[in-house]
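Below, each chain spelled out in residue letters.
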Amino acid sequence: MAYIDKINPNLLQGRMVVTPKGIVLKDPSAPRVKEPLQNRYRNLIDYIDTDLFPKDYVEAVMAAYEQIKAVSAFGQVGAYNKILASHPEHREPLARWLAYDLYGLLPSPPKLYWSNYDLLNHHYRKMLDDAMKAAKDDKVSDLTISVEASIVASFFIYLQQNKVKVIGDLTEKIVQNYPSHRHCGPNIVYRIGLFLKRLASKTQDPVLLSKCIFFPREKMMRKVYDAFTRDDRTTLEEFLLDDNCPLSKRDRAITTLMFYTGMRSKDVRNLHLDSIDWGRRSIRFKQGKTGVEVLLPLRPVVGNYIYDYIKEERPKCDSPLCFLSLQNRYGQYNPVSIGNVINQVYHAAGIRKGDARKGTHLLRHSLADEMMNSGSDITIVAKMLGHLHPNTTLGYLSSNIEQLRSCALSIEKYPVKHKLYCNE
């Protein structure tokens, strides 16, 4: 069994391989849910019929179920694959249904990543298994490992197609040709190298170490993040603190929390009531992306808005989550869609109009810029954001326009002749 099964037992990627030819179970002997799908299919539909999933995805899932019901494919992998052969456009919804049918796994918003693992020879399979274990030991998140392993598996398939059966036969020319072959950017090659370097660092294999020099040492491209302007941040802060703010107590508490702490949307969505220490005015939680425990200060304004929401607006229920959807579906309150909340707040505050970039991560970048502009040390900013290394924080600050402007020199200070800039 692939090591990925041990890493991601509760993700679809850890239970099955989805290929153009069909769905293959990684461990056919794994325990299955005994209750028939017919008796519980509504649970999955109700679960995805929220703001977390786009409407077209919900419609595709419901259409896939009608096909499953029409041929009584319940619990039969072969029957699912027959449907898939006739309706390849429903590949992902069918895989989701099969995962729920057999194992009771509800879908998660992250994209389904294909795996070429079963097409690899023994040498590359073992390398991939060992590299995933090395990443796990380095506390890389399970989802990141799954994504990177999928990317590396595709690279290994490319090597096999070029008659490179073992890593010792790899040449620099083959690595250089990979982006044009796969129509991918240089950052993909960087991530492949990063994945293999973890393994090389752990095993100190001289052959693998010698091949790692063929891969970029750092990212070749950096995205320019369309961060908040100072006016955006000022406008949003004034909007949130206004006594006549039109937002619901929940939406106001969520936005203020992210605005002043830079928490990721996933961590806000999964925040538990007992994560808030009112006496010590702090919030302690484990980051979903890195698994690192973070302790953040709870500002009075943030604490007050969260308290108002819990006491006056939060549904009375047994859920341990702090923020909940206001809709009760069959006696259960789902977690709230943080992304939709934040985008609606932008609209209500009159910022980020038109095609301007929106989303929750803007608040995280904005806090990093604000702290650096206020003179905070980068190690403090990294600790606030929960980064494992300050180098990660540098990526957040690479497009800080205000700091770049402070480094620029005016050309007017230099006696440059006019003819240098004209065709005379």
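In this text, all values refer to a predicted model and were calculated from it rather than measured experimentally.

As a further point, take the overall build of the protein chain. From N to C terminus, the protein chain includes 20 helices and seven strands. Within the protein chain, buried positions represent 46% of all 424 residues. Taking as baseline every contact in the protein chain between residues at least 6 positions apart, the subset at least 24 positions apart corresponds to 62%. Of the accessible surface of the protein chain, which amounts to about 23300 Å², a share of 51% is contributed by carbon and sulfur atoms.

So, about empty space enclosed by the protein. Inspection of the entire model under this criterion finds four cavities of 30 Å³ or more. Its volume calculated, the second largest cavity comes out at about 50 Å³. Lining the second largest cavity are 13 residues; nearest its centre among them are F285, Q287, R364, M384 and L385. Of all the secondary-structure elements, those providing two or more residues to the lining of the second largest cavity are β5 (293–297) and α18 (378–385). Residue composition of the lining of the second largest cavity, by class: six nonpolar, four polar and three charged.

Strands sit in the order β3-β4-β5 across an open sheet of three strands; the sheet is antiparallel. This sheet does not close on itself; its edge strands, each paired only once, are β3 (276–277) and β5. Pairing between strand β4 (residues 282–286) and β5: five bridges, direction antiparallel. When the sheet's bridge partners are listed, F285 is paired in β5 with V294.

Right, let's get into the packing of helix α7 (residues 122–137) against helix α10 (residues 186–203). At a minimum axis separation of 8 Å, α7 and α10 run at an interaxial angle of 80°. When the interaxial angle is binned, α7 and α10 end up roughly perpendicular. Residues M127, L128, D130, A131, M132, K133, A134, A135 and D137 of α7 touch α10, and the partners they reach there are F195, L196, R198, L199 and K202. Tallied by class, residues from the contact of α7 with α10 come to nine nonpolar, no polar and five charged.

Over its 13 residues, helix α6 (residues 91–103) runs 18 Å from end to end, which matches the ideal 18 Å to within 8%, given 1.5 Å per residue. Of all 13 residues that make up α6, 11 are buried, and the element is covered over most of its length. Among all positions of α6, only P93, L94, A95, R96, W97, L98, A99, Y100, D101, L102 and Y103 are buried. Positive phi appears at G104, one or two residues downstream of α6, with a value of about 75°.

Moving on, we get to the pattern of salt bridges. Between side chains of opposite charge, a pair can form as their charged atoms come close. Counted under the stated rule, the structure contains 14 salt bridges. In this structure, the salt-bridge partner of R233 is E370, at a minimum N-O distance of 3.9 Å. Placement of the pair is R233 in helix α12 (residues 230–241) and E370 in helix α17 (residues 361–373), with a sequence separation of 137 residues. Using a relative accessible area of 9% as the deciding quantity, one classes R233 as buried. What emerges from the salt-bridge pattern is a single network uniting K133, D137 and K202.

Another aspect to go through is the packing of aromatic side chains. As enumerated under the stated definition, the model contains 13 aromatic pairs in all. An aromatic cluster of three or more residues is present, and its members are Y124, F155, F156, Y158, Y178 and F215. For the cation-ring pair, R15 lies above Y103, with the distance from its terminal atom to the ring centre recorded as 4.5 Å. One residue, R233, lies across the ring of F259, its end atom 3.9 Å from the ring centre.

What follows covers the nonpolar core. Ranked by internal contacts, the top residues of the largest apolar core, which has 46 residues, are L236, I254, L257, L271, I306 and F323. Among the secondary structure elements, those contributing two or more residues to this core are α12, α13 (249–261), β4, β5, α15 (300–312), α16 (338–349), α17 and α18. Once residues lying within four places of it in the same chain are set aside, the contact partners of L257 are G262, M263, V268, L271, I283, V302, I306 and F323. Counting 36 residues, the second largest nonpolar core, distinct from the first, contains F155, I167, I192 and L208.

So, about α10. Taking 1.5 Å per residue as the helical rise, α10 with its 18 residues ought to reach 26 Å, and the 26 Å between its terminal C-alpha atoms agrees with that figure. Buried residues of α10: V189, Y190, I192, G193, F195, L196, R198, L199 and A200, and no others. One or two steps after α10, the chain reaches Q204, where phi turns positive at roughly 55°.

As paired elements, β3 and β4 share two bridges and run antiparallel to each other. Its bridge partner lying in β4, D277 is registered against S282. Counting the residues that bridge the hairpin from β3 to β4 gives four residues, and of these R281 lies at a positive phi of roughly 50°.

Turning next to unusual backbone geometry. Most of the time, phi is negative for any residue but glycine, and the peptide bond is trans. One non-glycine residue with positive phi stands out, namely Q204, at about 55°. Within the secondary structure, Q204 sits in the loop between α10 and α11 (206–212).

In this model, the protein chain carries an average pLDDT of 82, and 82% of its residues clear a pLDDT of 70 or more. Here helix α1 (residues 3–7) stands out as the least confident element of the protein chain, with mean pLDDT 52; α15 is the most confident, with 95. Note that pLDDT drops below 50 for residues 419–424; the model gives that stretch three contacts with residues more than four away or on any other chain.

Next up on the list: the environment of G303. Tracing the sequence through the fold places G303 in helix α15. Classification of G303 by relative accessible area gives buried; the value is 8%. In sequence terms G303 and D277 are 26 residues apart; their C-alpha atoms lie 9.9 Å from each other.

Burial of the side chains of strand β1 (residues 16–19) extends over both faces: M16 and V18 are buried on one face and V17 and T19 on the other. Here β1 folds back onto strand β2 (residues 22–25), and the loop between the two strands holds two residues.

Cut-offs applied
Residues numbered from 1 in each chain as written. Predicted model: local features only at pLDDT ≥ 70, side-chain atom pairs only at ≥ 80, totals over all residues. Heavy atoms only, no water. Helix = DSSP H or I, 4+ residues; strand = E, 2+ residues; numbered from the N terminus. Buried < 20%, exposed > 50% of the residue type's maximum accessible area, 1.4 Å probe, protein only. Contact = heavy atoms within 4.5 Å. Areas by Shrake-Rupley, 256 points an atom, 1.4 Å probe, with all protein chains shown as cover. 1 Å grid on protein atoms, 1.4 Å probe; cavity = no way out; pocket = protein on both sides within 12 Å on 5 of 7 lines; lining within 4 Å. Points joined across faces, edges and corners; volume = space filled by probe spheres on them. Nonpolar A, V, L, I, M, F, W, Y, C, P; charged D, E, K, R; others polar. Pairing = 2+ DSSP bridges. Axes fitted to C-alpha atoms, helices over the stretch in contact; angles between N-to-C directions. Parallel < 35°, antiparallel > 145°, perpendicular 65-115°, else oblique. Expected span 1.5 Å × (residues − 1). Salt bridge = Lys/Arg side-chain N within 4 Å of Asp/Glu carboxyl O. Phe/Tyr/Trp six-rings, centres within 6.5 Å; stacked < 30°, edge-to-face > 60°. Lys NZ or Arg CZ within 6 Å of the ring centre and 35° of its normal. Core = buried A, V, L, I, M, F, W, Y, C linked by side-chain atoms within 4.5 Å. pLDDT = per-residue confidence, 0-100.

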